[in-house]
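Listed here are the chains, written in short residue letters.
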Amino acid sequence: MNYFYIADNDNTLKYLPDFRLVRQEPEQIAVPTLKGVRYISHKTGADVFICTPHSSMPQVGNFRVVDENATVYECAGSRVGVGDAPAIITGVVNREFVPENKEEALEVIKKALESIK
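Conventions we followed
- Residues numbered from 1 in each chain as written.
- Predicted model: local features only at pLDDT ≥ 70, side-chain atom pairs only at ≥ 80, totals over all residues.
- Heavy atoms only, no water.
- Buried < 20%, exposed > 50% of the residue type's maximum accessible area, 1.4 Å probe, protein only.
- Helix = DSSP H or I, 4+ residues; strand = E, 2+ residues; numbered from the N terminus.
- Pairing = 2+ DSSP bridges.
- Phe/Tyr/Trp six-rings, centres within 6.5 Å; stacked < 30°, edge-to-face > 60°.

Observations regarding the pairing of strand β1 (residues 3–6)
Within a regular strand, the side chains alternate between the two sheet faces. Judged by which residues are buried, β1 turns out to be covered on both faces: Tyr3 and Tyr5 on one side and Phe4 and Ile6 on the other are all buried. Bridge count between β1 and strand β2 (residues 13–16): four bridges; the pairing is antiparallel. Within the sheet, the bridge partner assigned to Ile6 lies in β2 and is Leu13. Taking the residues between adjacent antiparallel strands as the criterion, β1 and β2 are bridged by six residues, where Asn11 takes a positive phi near 60°. Note: β1 against strand β7 (residues 61–67), four bridges, orientation antiparallel. Residue pairing across strands places Phe4 opposite Val66, the latter belonging to β7.

Rendered as structure tokens:
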């Protein structure tokens, strides 16, 4: 899966070659009912990410990332690293959604993918 940072100033896509999304797997919780037990799926934590930032990307705070399927992830991250070490950003995904104009977004993503090949 390829991911792009959505630039805040002009909504251009900046390729993130090593963005990794780690999904938290939901757990099954048993809930007693009058008819026995019902199992409910429950997430215990937020999805998290780690990446090396693009030069125009904020290293602390909120930003948006989109994958090649047009799913947008609203992320909150902070820089990890010391001194002159390469910056690494890690954080949580606050929300994810598919834009209303998905077909239009897919066209923009397709052009962005062609530019990195």
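Points about the packing of aromatic side chains
One pass over the structure, following the stated rule, counts six aromatic pairs. Aromatic pair Tyr3 and Phe19: ring centres 4.8 Å apart, planes at 45°, arrangement tilted. With Tyr3 in strand β1 and Phe19 in the loop between β2 and β3 (20–22), this pair connects stretches of sequence that are 16 residues apart. Across the pair, exposure class does not vary: Tyr3 and Phe19 are buried alike. Aromatic side chains Tyr3 and Tyr73 sit 6.2 Å apart centroid to centroid with 55° between the ring planes, which places their arrangement in the tilted category. Placement of the pair is Tyr3 in strand β1 and Tyr73 in strand β8 (residues 72–80), with a sequence separation of 70 residues.

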